[in-house]
6 protein chains.
Amino acid sequence: MARFQRAFEGPPTFMKLETSDIQKDVDIGFIGVAFDLGVTNNPGSRHGPASIRKSSMMIRDLNHYNKIEPKKICNVADLGDVPFEHHFDIEKATNEICDYFKKIKEHNIVPLAAGGDHSISYPILKALGEEEPLALIHFDAHCDTVADLGGSAFHHGSPFRNAVLSNSIDPKSTIQIGIRGTAEPYWEFSYTSGMTVLHVEECCEMGMKKLIERIKNTVGEKKTYLSFDVDALDPAFAPGTGTPEIGGFTSREVLQIIRGLRGLNLVGADLVEVSPALDTGTITSLLGANLMFEMLCIIADSLKP
Amino acid sequence: MARFQRAFEGPPTFMKLETSDIQKDVDIGFIGVAFDLGVTNNPGSRHGPASIRKSSMMIRDLNHYNKIEPKKICNVADLGDVPFEHHFDIEKATNEICDYFKKIKEHNIVPLAAGGDHSISYPILKALGEEEPLALIHFDAHCDTVADLGGSAFHHGSPFRNAVLSNSIDPKSTIQIGIRGTAEPYWEFSYTSGMTVLHVEECCEMGMKKLIERIKNTVGEKKTYLSFDVDALDPAFAPGTGTPEIGGFTSREVLQIIRGLRGLNLVGADLVEVSPALDTGTITSLLGANLMFEMLCIIADSLKP
Amino acid sequence: MARFQRAFEGPPTFMKLETSDIQKDVDIGFIGVAFDLGVTNNPGSRHGPASIRKSSMMIRDLNHYNKIEPKKICNVADLGDVPFEHHFDIEKATNEICDYFKKIKEHNIVPLAAGGDHSISYPILKALGEEEPLALIHFDAHCDTVADLGGSAFHHGSPFRNAVLSNSIDPKSTIQIGIRGTAEPYWEFSYTSGMTVLHVEECCEMGMKKLIERIKNTVGEKKTYLSFDVDALDPAFAPGTGTPEIGGFTSREVLQIIRGLRGLNLVGADLVEVSPALDTGTITSLLGANLMFEMLCIIADSLKP
Amino acid sequence: MARFQRAFEGPPTFMKLETSDIQKDVDIGFIGVAFDLGVTNNPGSRHGPASIRKSSMMIRDLNHYNKIEPKKICNVADLGDVPFEHHFDIEKATNEICDYFKKIKEHNIVPLAAGGDHSISYPILKALGEEEPLALIHFDAHCDTVADLGGSAFHHGSPFRNAVLSNSIDPKSTIQIGIRGTAEPYWEFSYTSGMTVLHVEECCEMGMKKLIERIKNTVGEKKTYLSFDVDALDPAFAPGTGTPEIGGFTSREVLQIIRGLRGLNLVGADLVEVSPALDTGTITSLLGANLMFEMLCIIADSLKP
Amino acid sequence: MARFQRAFEGPPTFMKLETSDIQKDVDIGFIGVAFDLGVTNNPGSRHGPASIRKSSMMIRDLNHYNKIEPKKICNVADLGDVPFEHHFDIEKATNEICDYFKKIKEHNIVPLAAGGDHSISYPILKALGEEEPLALIHFDAHCDTVADLGGSAFHHGSPFRNAVLSNSIDPKSTIQIGIRGTAEPYWEFSYTSGMTVLHVEECCEMGMKKLIERIKNTVGEKKTYLSFDVDALDPAFAPGTGTPEIGGFTSREVLQIIRGLRGLNLVGADLVEVSPALDTGTITSLLGANLMFEMLCIIADSLKP
Amino acid sequence: MARFQRAFEGPPTFMKLETSDIQKDVDIGFIGVAFDLGVTNNPGSRHGPASIRKSSMMIRDLNHYNKIEPKKICNVADLGDVPFEHHFDIEKATNEICDYFKKIKEHNIVPLAAGGDHSISYPILKALGEEEPLALIHFDAHCDTVADLGGSAFHHGSPFRNAVLSNSIDPKSTIQIGIRGTAEPYWEFSYTSGMTVLHVEECCEMGMKKLIERIKNTVGEKKTYLSFDVDALDPAFAPGTGTPEIGGFTSREVLQIIRGLRGLNLVGADLVEVSPALDTGTITSLLGANLMFEMLCIIADSLKP
């Protein structure tokens with residue numbers, strides 16, 4: 001029998017996956033996007049990928065709930081971090097991210113991206129939705145459809161506005177889940193463009209099962225991207241993030257929802273805004289790592305022949 | 001368009017409100033009561049007002065749930081902190097607080113007070129309930145109707161006993177919500193005086209909607225004061241407090257309850273026992289700030305012509 | 001009237017109980033098992049007993065929910081810590097624990113043990129279940145029925161496998177509650193030996209009331225041991241533990257379950273895996289201390305003549 | 001050979017000393033004074049005694065530097081905490097402390113007191129210096145000779161003014177060491193009463209050896225009390241205190257000074273202002289515990305027949 | 001006598017100074033530059049100004065060492081934070097800072113700027129050194145004369161290269177103090193341009209007194225700017241910063257040096273790279289606040305008629 | 001020019017070194033020994049190697065002080081962690097470590113080992129000193145020459161006793177530096193075997209320069225091993241360790257000493273007892289990483305042809 005490897009041994013890759021370059025035989029690629037120039041409040045999520053990788057070392061292979069074992073289904077690898085040339089220019093970095101994910105797409109790799117702040121979702125969507133607008137499932141406390149702010153259109157409050165304007169996502173097939181807080185007036189674009197906006201209170205009122213149906217009805221069988229901002233959860237569950245809002249989801253609820261998305265046509269996913277320096281212990285990183293594992297499971301499952 | 005102000009810019013007043021002296025044209029005044037001589041266990045809530053102000057900088061104007069925008073309805077200001085002459089004498093400080101809030105009342109300002117420990121509620125109630133006893137909605141893990149203890153009647157375990165004895169609140173119109181823990185024998189006064197005591201288990205068993213009805217039935221249309229001890233919440237949601245008790249409310253539950261109090265005749269409110277040095281990150285301060293915003297909303301709404 | 005003693009005064013024994021040697025007239029004994037050589041990941045639970053004692057200083061005498069007051073029913077004492085001769089040898093230490101609890105049993109003391117890591121439960125069960133296999137109620141994220149690992153059979157992932165193999169517990173009367181995570185393949189023994197394994201999702205789906213019935217049906221009127229690993233709770237509620245898993249119980253749920261076990265024939269209980277250096281503040285220690293108080297209450301109640 | 005006891009085993013008394021009541025055969029008594037109503041800024045030092053005791057568990061018997069082994073020289077015991085009747089009244093509590101230490105003195109016990117805030121030193125000095133004014137060696141960032149402030153004369157900024165006014169210490173035989181910061185104008189009394197005030201810059205300029213001589217010259221062979229505020233050290237060495245001042249002593253320097261006081265006629269000592277909730281890890285408690293051990297050594301040495 | 005104001009009362013301005021707009025009668029202005037887009041490693045110093053202000057609340061008026069009392073000498077005010085229009089563009093923000101400080105200069109205000117990352121020093125120097133190149137005293141672990149990096153010339157590793165190239169400082173009159181670490185090859189510009197580079201080892205070898213002379217010799221009677229990066233100190237003294245390097249100065253040493261600069265012709269100063277989320281407690285903020293007070297003292301002294 | 005790589009990018013190997021298997025062309029190998037079963041007090045140093053690697057990412061190539069650039073001199077690689085088969089048995093794990101380092105020695109690799117607790121030094125020394133006893137330079141607060149304790153001879157308090165008894169080191173050529181604390185009686189073996197024991201007070205009294213000479217005189221030109229326990233430093237500089245002792249070295253002092261060892265015949269080195277869960281921020285890991293870089297420099301220098 002193989003030596004039992006302790007969780008803290010060896011180089012911290014996601015789930016102790018092999019590292020790999022971008023190449024055709026990778027089916028699903030974990031990618032770090034260590035970028036946080038887009039934050040309006042507390043920076044630090046550039047350290048998210050390293051922290052999520054470290055916490056993921058405790059995750060083994062089999063999902064006890066849905067019995068999916070991703071590594072058995074397809075080729076999963078840790079592709080490392082997006083190699084930025086520009087560290088101080090949000091627009092140029094946005095282009096670099098986009099170019100990187102175009103290459104990912106060309107190699108038919110389904111990306112599982114760890115942020116970084118939420119601004120990274122726009123260039124990813126632009127790359128993946130180049131040919132046809134994608135459906136979007138978006139977990140967040142905030143709609144992130146703010147217009148230009150502080151002199152930029154590419155900050156972490158605007159990715160999905162940008163994605164609509166660049167025709168990368170279809171607002172009619174976009175659902176935003178867990179929304180709350182006091183910035184509502186900034187998100188008018190969500191409503192005018194036709195997105196489905198579900199405040200956290202509505203989600204809890206209808207219950208997770210109906211919510212899952214609602215999501216499925218919105219995205220249908222379209223190619224769908226899943227973007228998960230950890231501040232969708234309550235600060236008790238995810239304190240390590242830059243713009244926390246009270247009254248969010250519990251960990252059990254988001255586990256239930258993500259698992260409920262099995263069967264959808266997912267072409268990529270991200271988990272963003274984990275900010276280790278703001279975490280208490282590593283509970284937010286651990287949560288982020290596990291949610292990414294759950295995403296990996298349903299994506300792997302959908303790749304089953 | 002106005003420059004977008006980042007959350008961390010400028011002097012930390014509550015919700016970036018203008019500061020003001022006590023004057024007639026203020027409708028609702030945020031007031032810090034930086035006092036914690038009354039604690040029996042862990043001191044430190046004297047730093048609560050500063051910490052709540054700081055966390056409140058992230059709160060913008062509109063309540064997404066009930067669409068109330070307090071600043072548009074009435075004149076809200078941050079009145080600063082109660083200026084104590086006596087820093088080491090709980091009885092004299094109690095008198096100073098009472099005098100201060102009498103002045104607030106004379107100017108027809110509805111006070112929104114940030115503690116400080118719970119001992120501050122008695123002098124506030126004494127000032128506001130001078131003419132006729134008020135109804136009281138009290139969130140807490142503890143009844144705070146303990147008799148003299150450690151040589152004083154004015155500690156943080158006794159404010160509502162004192163308020164009954166000084167005829168400032170009507171025990172028949174008083175409801176205590178979220179009660180739990182092992183100090184029950186100390187709170188006999190709650191029962192003998194006729195208060196409604198709801199243990200957290202009963203609250204959860206009946207559900208938040210019935211609980212709201214129950215509260216409304218208890219206070220009716222009377223002039224009502226709302227006193228909120230953060231230890232009503234579970235330590236997972238509010239770790240930064242001096243006498244935490246497990247098994248408390250979640251943030252979503254207390255949001256739901258406070259929002260459900262819309263329409264009541266609120267003449268003042270406080271949120272107490274936030275103790276920053278005991279917090280993990282700033283999640284308790286953030287929670288406190290947001291709950292005070294919710295209180296502000298329903299008070300402002302009740303002032304609408 | 002007696003002087004009011006502040007929570008932080010005096011030597012930190014469990015609930016300010018008197019200390020005692022092992023002697024016949026003690027009915028229930030709190031025992032620290034400051035041992036953590038069995039951990040596979042993060043050590044540190046050797047400091048659990050001291051930390052639980054410290055947090056328990058805030059707990060007074062009466063359970064507000066079920067009105068049980070243990071100290072009035074029977075003789076409860078803090079027996080101190082198991083005095084290890086072997087500090088570096090998991091097998092010898094296991095034997096020392098077993099010998100100690102045999103002595104406890106001989107004196108007819110019902111033990112309430114504070115871990116330490118979960119490896120301590122095996123030697124306790126071996127001592128208590130010497131004459132006939134016990135029923136077992138086991139709260140945990142993990143089944144802890146792993147085979148030899150890293151060269152040992154006595155690590156913290158295997159106590160209940162060992163207990164079955166030594167005939168100390170009856171797997172048919174064993175129920176494991178709150179199970180989750182990605183190590184399922186390691187726990188085949190739970191299934192093959194006939195234990196009832198309830199994943200956290202099933203528990204929540206059926207609700208706490210049905211879960212309590214299910215537990216009662218499993219253990220019946222047998223002599224029963226209760227073993228509680230704090231990682232049964234979600235990391236938001238119990239961050240201070242070495243192998244946390246997201247998606248666990250809330251504090252209210254476990255309170256409800258433990259209280260629901262009143263009336264069972266409990267011959268001993270433990271609470272394990274509190275690791276203070278990993279805690280945020282002391283919320284996990286506080287939780288552990290209170291859960292042990294709840295266990296104490298139902299055990300004391302069962303000893304009532 | 002006796003079983004090797006691990007540092008974290010057993011009840012946390014100072015240095016694992018036996019506990020004792022106040023009785024004649026105790027030569028030196030460790031006493032907790034868990035009181036902090038006198039603080040002007042950050043409270044929390046009421047938890048100092050418990051925290052110092054816990055950290056002291058790592059200290060064994062022999063001082064490697066001066067080869068003193070206190071327990072071999074005389075009877076040392078942990079006498080527990082001053083049992084306060086008054087928890088909320090600084091003046092009454094001050095009297096209680098004084099009464100307690102009078103009893104200590106009557107039993108010929110040399111007290112080694114752990115604060116608590118610095119206000120506790122006045123009632124101790126009043127008790128010990130009742131018959132004749134004592135000499136005083138005072139380590140601190142602040143002179144603590146402030147007049148009435150915030151309505152009280154008994155706060156933690158005034159103990160040594162009070163001690164002079166009550167004729168408990170002789171200002172001419174008083175030396176204050178490590179003084180710095182911006183509150184100098186408040187300490188005029190130190191100068192007018194004739195105390196020797198050494199700012200930290202002067203101390204470092206002259207070097208520790210000359211400083212020790214200077215101290216010895218000031219107190220001579222008089223009965224001398226040693227009062228040590230941990231904020232004498234730099235915040236890098238003692239962060240866990242309520243009014244830290246940058247530019248303080250290092251741990252090596254204070255060790256050297258205290259050891260240099262061997263041979264003096266010490267009748268009592270205290271270490272105050274350790275505030276665990278403000279500490280980083282437990283480095284301030286560990287420092288405090290060790291400095292108290294060093295004090296114990298030179299006091300024990302002076303009791304040698 | 002005026003009411004004694006507790007440190008934590010009132011709005012946190014620097015040293016409780018009055019706030020003011022930019023106007024002629026202000027002599028020295030405290031200015032927050034809440035900007036950190038230029039960091040190469042850990043962001044977060046945008047929160048430095050708020051944190052320094054909060055910690056400065058404990059500082060009173062008189063410098064005990066040199067007896068300077070700035071508020072008595074001249075008009076000192078807290079001017080608030082630089083109001084950025086551009087939050088995501090390092091180059092535009094750099095211009096905004098420069099414009100702001102030109103206005104400061106036009107009003108004859110000596111600026112005391114709190115960063116923010118070190119990139120802010122370049123635009124300040126550009127504003128202040130517009131007419132003639134300034135002398136520079138620069139405390140830091142790093143020379144900060146790196147060339148373009150990560151696509152920008154304006155990051156926090158390059159301010160003094162930029163300042164030389166824009167003719168804002170005179171490299172021959174520039175002295176860099178405390179330099180260490182492994183990035184030496186990046187700082188060739190310091191040497192080729194003729195700056196005096198003093199590694200921390202040389203500084204300590206020569207002693208603080210000679211170091212002060214060396215500084216004075218370098219800057220002479222020129223108009224001089226003082227730029228202080230907290231990472232000049234050892235991480236034990238200043239842990240809360242983004243690029244710490246072991247082996248740095250102690251707090252006593254830097255106090256001695258800054259005090260030794262009395263008499264120089266200082267036209268402005270900054271203290272940068274305090275990053276509260278990385279701090280342990282608030283010791284770095286407290287240090288930063290006090291060092292800024294010391295700078296204020298010597299600047300105020302130089303303005304004495 | 002190559003892309004500037006940010007410190008937090010890429011897999012955390014020591015100093016971003018290439019990873020490698022054990023093979024001849026590696027000259028110096030960084031090795032993690034993630035083992036802490038030998039601790040007597042606080043466990044957790046098993047996480048030291050991962051944490052030191054992470055902190056080392058900020059270290060670039062050139063030592064500014066002695067201008068050594070190890071990667072240019074020889075082939076340095078990160079060899080990963082010792083792959084333990086036995087996770088719960090100190091004696092068997094000790095053998096595994098020994099076997100591993102024998103292989104290292106056979107490949108002529110000079111090992112630079114990151115602990116782990118100090119028990120790892122014995123098996124390393126046993127492997128490296130197999131042919132002839134080595135000289136030893138040992139930095140520590142404790143002599144670590146304790147006899148059997150708690151039932152084992154292989155705990156972290158005994159490595160150098162074991163090394164003498166197995167003839168792996170020559171006690172006459174062994175120097176122990178920084179010794180202090182209250183466990184002196186346990187270390188008699190150091191004296192009886194003829195080791196040179198330098199208490200921290202003696203070291204500081206003689207000064208670092210003489211201390212370096214003293215070290216050189218002790219080890220001469222012998223093959224020498226350097227073992228560095230971080231608790232040699234004061235807790236202000238190295239809080240993240242399991243048995244801290246006040247009064248230790250500063251970071252500048254240990255830098256000076258290690259640099260002073262240039263020219264010795266070093267055949268291996270370790271740095272042990274970094275315990276991340278006890279650290280404040282990451283200052284101890286950063287310190288450990290940098291001290292290992294300094295060791296690497298002098299070892300690389302000694303390999304220069």
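Residues numbered from 1 in each chain as written. Chains lettered and ligands numbered in written order. Predicted model: local features only at pLDDT ≥ 70, side-chain atom pairs only at ≥ 80, totals over all residues. Heavy atoms only, no water.

So, about the interface of chain F and chain E. With 27 residues of chain F at the interface, the matching set in chain E holds 32 residues. In total, about 2200 Å² of surface goes out of reach between chain F and chain E, with carbon and sulfur atoms giving 65% of it. For chain F, the biggest contributors to the area lost against chain E are Phe4(F), His64(F) and Arg252(F); these three give 31% of the whole. Notably, a salt bridge pairs Glu253(E) with Arg252(F), separated by 2.6 Å at the nearest N-O pair. Linking chain F with chain E are 9 residue pairs in polar contact (both at pLDDT 80 or more). Elements with a minimum of two residues in the side of chain F that touches chain E: helix 9 (251-260) and helix 10 (283-302) of chain F. Sort the elements by how many residues they give to the side of chain F that touches chain E and helix 10 of chain F lands first, with 6 residues. (Contact = heavy atoms within 4.5 Å. Buried area = accessible area lost by both parts, 1.4 Å probe. Salt bridge = Lys/Arg side-chain N within 4 Å of Asp/Glu carboxyl O. Polar contact = N/O pair within 3.5 Å; in protein donor to acceptor, adjacent residues only side chain to side chain. Helix = DSSP H or I, 4+ residues; strand = E, 2+ residues; numbered from the N terminus.)

Between chain F and chain E, the superposition needs a rotation of 120° and an axial shift of 0.0 Å, giving an RMSD of 0.0 Å. Taken together, the rotation and translation describe the operation of a three-fold axis. Taking C-alpha positions as the reference, the residue of chain F nearest the rotation axis is Ala236(F), at 3.3 Å. When the interface residues of chain F are mapped onto chain E, a mere 11% of them again fall at the interface, so the copies present different faces. (Least-squares fit on C-alpha atoms with pLDDT ≥ 70 in both.)

On to the pairing of strand 4 (residues 134-139) of chain A, then. Residues and elements named next belong to chain A. The element strand 4 is largely enclosed, with a buried count of 6 among its 6 residues. In strand 4, alternate side chains face the same way, and those of Leu134, Leu136 and His138 on one face and Ala135, Ile137 and Phe139 on the other are all buried. The β-α-β motif built from strand 4, the intervening helix 5 (residues 159-165) and the parallel element strand 5 (residues 169-179) has right-handed crossover chirality. (Buried < 20%, exposed > 50% of the residue type's maximum accessible area, 1.4 Å probe, protein only. Right-handed = clockwise from strand over helix to strand, strands pointing away.)

What follows concerns the pattern of salt bridges. Pairs can form between side chains of opposite charge whenever their charged atoms are close. Per the stated rule, a full pass over the model turns up 92 salt bridges over all chains. With a closest N to O distance of 2.6 Å, Asp170(A) and Lys222(A) form a salt bridge. Of this pair, Asp170(A) sits in strand 5 while Lys222(A) sits in the loop between helix 8 (208-219) and strand 7 (224-229); the two residues are 52 residues apart in sequence, bridging distant segments of the chain. Judged by its relative accessible area of 32%, Lys222(A) is partly exposed. Taking the shortest distance from any N to any O, the salt bridge between Lys105(C) and Glu131(C) comes out at 2.7 Å. With Lys105(C) in helix 3 (residues 90-106) and Glu131(C) in the loop between helix 4 (121-128) and strand 4 (134-139), this residue pair connects regions lying 26 residues apart in the sequence. Residue Lys105(C) is classed as partly exposed on the basis of its relative accessible area of 24%. Glu131(C) gets classed as exposed once you look at its relative accessible area, which sits at 64%.

This part takes up the sheet that holds strand 7 of chain A. Residues and elements named next belong to chain A. Spatial ordering of the open sheet is given by 2-1-3-8-7-4-5-6, a layout of 8 strands whose pairing is parallel. Each of the sheet's edge strands pairs with one partner strand only, and the pair in question is strand 2 (76-81) and strand 6 (196-199). Between one strand and the next, the sheet's axes are offset by a mean angle of 15°, whatever the strand orientation. In terms of strand pairing, strand 1 (residues 28-33) meets strand 3 (residues 110-115) through 6 bridges, oriented parallel. Across the sheet, residue Gly32 finds its bridge partner in strand 3, namely Ala114. Of the strands in this sheet, strand 1, strand 2 and strand 3 are in contact with helix 3 (residues 90-106), which crosses strand 1 at around 170°. Helix 4 (residues 121-128) contacts strand 3, strand 4, strand 5, strand 7 and strand 8 (266-272) of the sheet and is inclined by roughly 170° relative to strand 8. (Pairing = 2+ DSSP bridges. Axes fitted to C-alpha atoms, helices over the stretch in contact; angles between N-to-C directions.)

The partner chain B presents 27 residues to the 31 residues of chain A that form the contact. Contact with chain B buries area across many residues of chain A, yet Thr182(A), Glu201(A) and Ile246(A) alone supply 30% of it, more than any other trio. Broken down by element, the side of chain A that touches chain B gets its largest block of residues, 3 residues, from helix 7 (residues 200-206) of chain A. Partitioning the side of chain A that touches chain B into residue classes produces 13 nonpolar, 12 polar and 6 charged. (Nonpolar A, V, L, I, M, F, W, Y, C, P; charged D, E, K, R; others polar.)

Backbone torsion omega between Gly115(D) and Gly116(D) reads 15°, so that peptide bond is classified as cis. Here Gly116(D) is to be found in the loop between strand 3 (110-115) and helix 4 (121-128). In the Ramachandran plot, Lys16(B) falls in the positive-phi region, its phi being about 60° despite a non-glycine side chain. We note that Glu273(F) has phi near 75°; this positive angle belongs to a residue other than glycine. Along the chain, Glu273(F) falls in the loop between strand 8 (266-272) and helix 10. A relative accessible area of 3% places Glu273(F) in the buried class.

Mapping chain A onto chain B calls for a rotation angle of 120° and an axial translation of 0.0 Å; the resulting RMSD is 0.0 Å. Here only 10% of the contact residues of chain A are again contact residues in chain B; the copies associate through non-equivalent surfaces.

Any segment with low pLDDT has predicted coordinates that should not be analysed in fine detail. Looking at chain A as a whole, the pLDDT averages 96, with 99% of positions reaching at least 70. Overall fold confidence (pTM) sits at 0.98, and the ipTM for the predicted complex is 0.97. (pLDDT = per-residue confidence, 0-100.)

Within the fold, His64(D) resides in the loop between helix 1 (48-56) and helix 2 (70-73). Classification of His64(D) by relative accessible area gives buried; the value is 5%. A distance of 3.2 Å separates the side chain of His64(D) from the backbone nitrogen of Gly181(F), its partner in a polar contact. Excluding its chain neighbours within four sequence positions, the residues that come into contact with His64(D) are Arg259(D), Ile179(F), Arg180(F), Gly181(F), Glu184(F), His199(F) and Glu201(F).

Time to look at the pairing of strand 3 (residues 110-115) of chain F. Residues and elements named next belong to chain F. Of all 6 residues that make up strand 3, 6 are buried, and the element is covered over most of its length. Burial of the side chains of strand 3 extends over both faces: Val110, Leu112 and Ala114 are buried on one face and Pro111, Ala113 and Gly115 on the other. Bridge analysis of strand 3 against strand 8 gives 3 bridges, and the strand direction is parallel. When the bridges of strand 8 are listed, Leu112 appears paired with Ala269.

Turning to the sheet that holds strand 5 (residues 169-179) of chain F, a few remarks are in order. Residues and elements named next belong to chain F. Strand order in the open sheet formed by 8 strands is 2-1-3-8-7-4-5-6, with parallel pairing between adjacent strands. The two strands at the open ends of the sheet, each matched to only one other strand, are strand 2 (76-81) and strand 6 (196-199). Between one strand axis and the next, the sheet turns through 15° on average, direction left out of account.

This paragraph deals with the packing of aromatic side chains. Tallied over the full model, the rule gives 36 aromatic pairs over all chains. Consider the rings of Phe35(E) and Phe84(E), whose centres lie 5.5 Å apart with planes at 35°: the pair is tilted. Taken together, the residues Phe35(E) in the loop between strand 1 (28-33) and helix 1 (48-56) and Phe84(E) in the loop between strand 2 (76-81) and helix 3 (90-106) connect sequence positions 49 residues apart. Its relative accessible area of 2% is what places Phe35(E) among the buried residues. A residue is classified by how much of its surface remains accessible, and Phe84(E), at 0% relative accessible area, is buried. Ring centres 6.2 Å apart and planes at 75° place the aromatic pair Phe237(E) and Phe237(F) in the edge-to-face group. Taken as a pair, Phe237(E) in the loop between strand 7 (224-229) and helix 9 (251-260) and Phe237(F) in the loop between strand 7 (224-229) and helix 9 lie in two separate chains rather than in one. On the accessibility criterion, Phe237(E) (6% relative accessible area) is buried. (Phe/Tyr/Trp six-rings, centres within 6.5 Å; stacked < 30°, edge-to-face > 60°.)

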